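The residues making up each chain are set out below.
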Amino acid sequence: MASLSAAISHSSSHVALAHSTKPKKIYHSQCRTLPLPHRSFICRMSFVSRWNSRDKSNTRVFASVKEGILLDESVEKVKLPIGDTWSVHKFGGTCVGSSERIKNVGDVILSDDSERKLVIVSAMSKVTDMMYDLINRAQSRDESYISALDAVLDKHRSTALELLNGDELGNFLSELHHDINNLKAMLRAIYIAGHATESFTDFVVGHGELWSAQMLSAVVRKNGIDCKWMDTREVLIVNPTSTNQVDPDYLESEKRLERWYSHNPAQIIIATGFIASTPQNIPTTLKRDGSDFSAAIMGALFRARQVTIWTDVDGVYSADPRKVSEAVILKTLSYQEAWEMSYFGANVLHPRTIIPVMQYNIPIIIRNIFNLSAPGTKICHPLVDDKEDNQPLESLVKGFATIDNVALINVEGTGMAGVPGTAHAIFGSVKDVGANVIMISQASSEHSVCFAVPDKEVKAVAEALKSRFRQALDAGRLSQVAIVPNCSILAAVGQKMASTPGVSATLFNALAKANINVRAIAQGCSEFNITVVVTREDCIKALRAVHSRFYLSRTTIAVGIIGPGLIGSTLLEQLKDQAAVLKEEFNIDLRVMGITGSRTMLLSEAGVDLSGWRELQKEKGEVADLQKFVQHVHGNHFIPNTVLVDCTADSVIASHYYDWLRRGIHVITPNKKANSGPLDQYLKLRALQRQSYTHYFYEATVGAGLPIISTLRGLLETGDKILRIEGIFSGTLSYIFNNFVGKRAFSEVVTEAKQAGFTEPDPRDDLSGTDVARKVIILARESGLRLELSDIPVESLVPEPLRASASAEEFMQQLPHFDQEMSKKLQDAEDAGEVLRYVGVVDAVNQKGVVELQRYKKDHPFAQLSGSDNIIAFTTTRYKNQPLIVRGPGAGAQVTAGGIFSDILRLASYLGAPS
């Protein structure tokens, strides 16, 4: 302090000179009878006066603020009108960031039809940072502070030249240059001392508000409107606290406001935000976000009708829109909800901003200066009649907020239970290292105390606790002081959550279905918020999951399509046709985030436009990379739930299912390879599915779109016992044997089926019976039989000599040579009044399965088929005499894609969509 005092004394002659050469004028921010030069605030500060006490000639120049506003008692006082006639507006730095924006602010002020208006302004955009930079350069003895100060001067001078003219311009530029000279002298003193006190820093950085207030008031006066500007350091008195904050002195501030207004009555007052004075009349600031605080305090002092905070966003969002694209603007918030959300990091208001207006029930409106058509968000007491029953979830939970970069500390041990003072000792140690406790959670057993602190403070806290409890740790009364790093806090906020059953259940259900693990939980008895701790990597996913479940009441699923062949492309077409209906009528939002084939893949951040996905794949497709594809669909978007739809018949793709499910990715497929592959892999897959909230659906693996798997599961889950499953599982072979009648040759019917598109490109894939065997093994395993594919005897319809044919064409050319054998089987069946059918059988009683060509009487249900229909008969304990039969189309792209689509909708229902 001594060095700085010496530096001030050294430079005082410059300051005094600035005063002696400046003409004495009267300005709107002071009493009309005040002869002191306005805005030479440094020269009116009592603490500066003491540093120059030896120079008696300057004593009057260094008068205090309090002295500066002493009134001539002979002047008639004007009483301050308080109440609903006043509306308060606050404009942030971006709102007054340029001359054009200042003009726009002027228009907004004039368009307000309130009788009286008080306007709080921040410094122009970036100016406060520039002023702090001046201090940093000066105390670092970096002479570039001079050029940096010139940049500040140029910014405001050029803005004034664009805004003002005549006497208004001349007066402002005179004041601006005078202030710059004073700042230059002060910065020189700081440069010499190499140090800036907090008071000096606050004084310097507050100039941006003074300049923007003067310019804006001049702009309003250009329209012929009575307007004064207020230096709030003359009115607003605050007491600094030990926590680097300030407490307003409302009683003293009210006195000073009445005194100021009695000599500066006006319909419009432009006041400086951010700055104030201490009871000793030393300039100070309201710290960061102080302009909002200024507006709230002044709103309370004036008992204003409302306080409008003008920003660059349309209002308060239900969640951070940078993390949740579906976040919506909230129409209203209660004071308590806004308080909770701002504490947990939401871009609302600083919590202290809300305190002054709550006392007088003054609403705060958050509005966008760049979008005047947006009504914004109103923060006020909740309406009395706004407590109806059967409220939707979004009215119960208003919004969600997160705090990142936190760590959990868990103090645990049996010696804590029932020991008074343990919590005091724990949090006393935390206080001693100056750490901030964000959240506390303790079990009723008192066995452990868990709390969250910022990541950067966790090491110091842990060391302090280990030191404090060293004896208890060594003796075993405490088992550990454990750190869980890399965490995030998620808070659900809503005043109406109080005493509403089911809110917590819905929250945790949404997290569970998104495969999110909760590390800690906290909820106050007010029930205004529920707080959970999750890992940092899960934070955004958790936020999207709960927001989607609560606020939007919409189930949003990211879909990745693997294999856009015949079935995959048909599914995409069905999704395109139904997307709008699902959104509007069922609140299901299915977004295809990627499509991949074996060579090319198409990725999208917002969702592929399915009306032209083929063209997009050609234009924007990239080399297929399954790992990158999965990462994109699962990780790089705003959707909490992910499903991969495998439309291939590839065993390599199927081998990834377990890993995908383990990562919380749902899987839907018609691919039979996973469920008919090695038994141990199948059992591992099903075990994982049962242990988690991740779903694996495969209805289309058997019977295409027919409800075969679901019917079987329904029987088993309701306690029925499977005795036998018998059916025609191949649409191709169903078509062939439905048309293999009379004198027709077998090869002729196969050729016809191939031309009609019923067979695979190589008909041997159908005639071999392997596909039917896979379906049999799937049903057998679903029924509880532990069989391998090799355990199923299969009667192949491919003649032995043709199984090694080099190509499908060669096979088809040679097939007619073997028609005689099949014709004989047909003739024998017809002679007996029977038909040939290629069937698969699960014999649950004897624990076996078989695939073979069998004969059935013409009155048997299997003989009644036509076309490519499938038919499956379930013989169970309940359906023993009359089997339960499922029949319908079992082949074709449309029905198979429909079966997959049905599974997707079933998944949506499980994830919360209305059924």
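The structure under discussion appears in the preceding block.
Residues numbered from 1 in each chain as written. Predicted model: local features only at pLDDT ≥ 70, side-chain atom pairs only at ≥ 80, totals over all residues. Heavy atoms only, no water.

> Sorry if this is basic, but what is going on with the overall build of the protein chain here?
Along the protein chain, the regular secondary structure elements total 34 helices and 30 strands. Within the span of the protein chain, comprising 915 residues, buried residues form 56% of the whole. For the protein chain, the proportion of contacts with a sequence separation of at least 24, taken over those separated by at least 6, is 72%. Total accessible area on the protein chain stands at roughly 38,800 Å², and carbon and sulfur atoms take up 49% of it. (Helix = DSSP H or I, 4+ residues; strand = E, 2+ residues; numbered from the N terminus. Buried < 20%, exposed > 50% of the residue type's maximum accessible area, 1.4 Å probe, protein only. Contact = heavy atoms within 4.5 Å. Areas by Shrake-Rupley, 256 points an atom, 1.4 Å probe, with all protein chains shown as cover.)

> Would you mind showing me how to read the packing of helix α6 (residues 145-163) against helix α7 (residues 166-193) here?
In a packed pair of helices, the relevant descriptors are the angle between the two axes and the axis-to-axis distance. At a minimum axis separation of 11 Å, α6 and α7 run at an interaxial angle of 170°. On the basis of their axis angle, the class for α6 and α7 is roughly antiparallel. You can see that α6 and α7 cross each other, and the crossing is right-handed. Residues Tyr 145, Leu 149, Asp 150, Leu 153, His 156, Arg 157, Ala 160 and Leu 161 of α6 form the contact with α7, whose own contacting residues are Leu 169, Phe 172, Leu 173, Leu 176, His 177, Ile 180, Leu 183, Lys 184, Leu 187, Arg 188 and Tyr 191. (Axes fitted to C-alpha atoms, helices over the stretch in contact; angles between N-to-C directions. Parallel < 35°, antiparallel > 145°, perpendicular 65-115°, else oblique. Left-handed = near helix turned anticlockwise from the far one by under 90°.)

> Is there a simple way to think about the side chain of Thr 732 in this case?
Mapped onto the secondary structure, Thr 732 falls in helix α28 (residues 731-739). When near neighbours in sequence (up to four residues on either side) are disregarded, Thr 732 contacts Phe 758, Thr 759 and Asp 766.

> What am I meant to see in the packing of aromatic side chains here?
The description of an aromatic ring pair rests on the distance of the ring centres and on the angle between the ring planes. Tallying each qualifying case throughout the model produces 14 aromatic pairs. Each residue in the set Tyr 657, Trp 660, Tyr 696 and Tyr 698 is aromatic and connected to the rest through ring pairs, giving one cluster. In this structure, Arg 468 is placed above the aromatic ring of Phe 469, and the distance from its NZ or CZ to the ring centre is 5.2 Å. Taking the ring centre of Phe 697 as reference, the NZ or CZ of Arg 906 above it sits at 3.9 Å. (Phe/Tyr/Trp six-rings, centres within 6.5 Å; stacked < 30°, edge-to-face > 60°. Lys NZ or Arg CZ within 6 Å of the ring centre and 35° of its normal.)

> Is there a simple way to think about the sheet that holds strand β14 (residues 439-442) in this case?
Pairing between sheet strands relies on hydrogen bonds along the backbone, with the strands arranged either parallel or antiparallel. Taken in spatial order, the six strands line up as β14-β15-β13-β16-β18-β17 in an open sheet, and their pairing is antiparallel. Of all strands in the sheet, those bounded by a partner on one side alone are β14 and β17 (520-523). Direction aside, neighbouring strands of the sheet carry axes that sit 30° apart on average. Where strand β13 (residues 399-412) meets strand β15 (residues 448-454), seven bridges bridge the pair, whose relative direction is antiparallel. The partner of Glu 412 across the bridge, within β15, is Ser 448. Here helix α18 (residues 503-513) sits on the sheet and contacts β16 (480-493), β17 and β18 (529-535); the angle it forms with β18, its principal contact strand, is near 20°. (Pairing = 2+ DSSP bridges.)

> I would appreciate a short explanation of the sheet that holds strand β29 (residues 869-876) in the present structure.
Reading across from one edge, β28-β27-β26-β29-β30 is the order of the five strands in this open sheet, with antiparallel pairing throughout. Strands at the two margins of the open sheet, each flanked by one partner only, are β28 (848-857) and β30 (884-889). Here the average twist between neighbouring strands, direction ignored, is 20°. Pairing of strand β26 (residues 722-728) with β29 involves six bridges; the strand directions are antiparallel. Paired with Glu 726 across the strands is Ala 873, a residue of β29.

> Is there a simple way to explain the pairing of strand β12 (residues 377-380) in this structure?
For a regular strand, the rule is simple: side chains alternate between the two faces of the sheet. Two strands pair when backbone bridges link them, and strand β10 (residues 332-334) and β12 are joined in this way by three bridges, in the parallel orientation. Opposite Leu 333, over in β12, you have Ile 379 as the bridge partner. For strand β11 (residues 364-368) and β12, the ladder comprises three bridges, and the chain directions are antiparallel. Bridge assignment links Ile 364 to a residue of β12, and that residue is Ile 379.

> Just checking my understanding: could you explain the pattern of salt bridges for this structure?
Pairing is possible between side chains of opposite charge, provided their charged atoms come close. Evaluation of the coordinates by the stated rule reveals 39 salt bridges. Asp 404 is the salt-bridge partner of Lys 323, the closest N and O atoms lying 3.1 Å from each other. In this pair, Lys 323 sits in the loop between β9 (306-311) and β10 while Asp 404 sits in strand β13, placing the two residues 81 residues apart along the sequence. The class of Lys 323 is buried, set by a relative accessible area of 15%. Among the residues examined, Asp 404 registers a relative accessible area of 31% and is labelled partly exposed. Asp 869 serves as the salt-bridge partner of Arg 887, at 3.8 Å between the closest nitrogen and oxygen. With Arg 887 in strand β30 and Asp 869 in strand β29, this pair connects stretches of sequence that are 18 residues apart. Residue classification places Arg 887 among the partly exposed positions, given a relative accessible area of 41%. Overlapping salt bridges, with partners in common, bring together Glu 198, Asp 202 and Lys 287 in one network. (Salt bridge = Lys/Arg side-chain N within 4 Å of Asp/Glu carboxyl O.)

> Any chance you could explain the environment of Ser 158 here in plain terms?
With respect to the helices and strands, Ser 158 occurs in helix α6. Residues Ser 158 and Ser 99 lie 59 residues apart in sequence; the distance between their C-alpha atoms is 8.7 Å.

> I tried to follow the side chain of His 634 on my own but got confused; where do I start?
Structurally, the position occupied by His 634 is in helix α22 (residues 626-635). At 3.1 Å, the side chain of His 634 forms a polar contact with the side chain of Thr 642. In terms of polar contacts, His 634 uses its side chain to reach the backbone carbonyl oxygen of Arg 663, at 3.4 Å. Once residues within four sequence positions are removed from consideration, His 634 is found in contact with Lys 541, Thr 642, Arg 663, Gly 664 and Ile 665. (Polar contact = N/O pair within 3.5 Å; in protein donor to acceptor, adjacent residues only side chain to side chain.)

> Looking at this structure, I do not really get helix α13 (residues 351-358). What am I missing?
A turn of α-helix holds 3.6 residues, and therefore any two residues three or four places apart point the same way. Burial within α13 is extensive, with seven of its eight residues counted as buried. Residues of α13 that are buried: Pro 351, Arg 352, Thr 353, Ile 354, Pro 356, Val 357 and Met 358. Residues of α13 that are buried sit in contact with β5 (246-248), α10 (250-263), α11 (290-302), β9, α12 (335-343) and β11.

> Hey, could you run me through the nonpolar core in this one?
Counting residues in hydrophobic clusters, the biggest one holds 68 residues, and the most contacted among them are Tyr 657, Trp 660, Ile 725, Ile 736, Phe 737, Leu 767 and Leu 779. Among the elements that line this core, the one with the most residues is helix α31 (residues 770-782), at seven residues. If near-sequence neighbours (up to four positions away) are discounted, Leu 779 is found in contact with Val 702, Ile 708, Ile 709, Leu 712, Ile 725, Phe 729 and Val 842. Core analysis: the second largest hydrophobic core is formed by 55 residues, Cys 95, Val 121, Leu 216 and Ile 268 among them. (Core = buried A, V, L, I, M, F, W, Y, C linked by side-chain atoms within 4.5 Å.)

> Help me understand helix α29 (residues 746-755), please; the structure alone is not making it clear to me.
Regarding α29, the residues found buried are Phe 746, Ser 747, Val 749, Val 750 and Ala 753. End-on view of α29: buried residues confined to an arc of 160°, all on one side of the axis. Taken together, the buried residues of α29 touch α28, α30 (764-767), α32 (808-814) and α33 (819-831). Within two residues after α29, Gly 757 carries a phi angle of roughly 85°, on the positive side. (Arc of directions from axis to C-beta.)

> How should I be thinking about the environment of Val 328 in this particular structure?
Here Val 328 is to be found in the loop between β9 and β10. Here Val 328 falls in the partly exposed class, since its relative accessible area comes to 28%. In the structure, Val 328 is positioned 71 residues away from Gly 399 in sequence and 9.4 Å away in space, judged by C-alpha atoms.

> What should I look at first to understand the packing of helix α27 (residues 708-717) against α31 in this one?
Where α27 meets α31, the axes come as close as 10 Å, and the angle between the chain directions of the two elements is 20°. Judged by the inter-axis angle, α27 sits roughly parallel to α31. For the pair α27 and α31, the crossing hand works out as right-handed. In this structure, α27 contributes Ile 708, Ile 709, Leu 712, Arg 713 and Leu 716 to the contact, and α31 contributes Ile 778, Leu 779 and Glu 782.

> In this structure, what is going on with unusual backbone geometry? I would like to understand it.
Phi at Lys 126 takes a positive value of approximately 80°, unusual for a residue other than glycine. Its location among the elements puts Lys 126 in the loop between β2 (116-121) and α5 (127-139). Positive phi outside glycine occurs at Asn 486, with the angle close to 55°. With respect to the helices, strands and loops of the structure, Asn 486 is situated in strand β16. Look at Asn 486 and you get partly exposed, because its relative accessible area is 42%.

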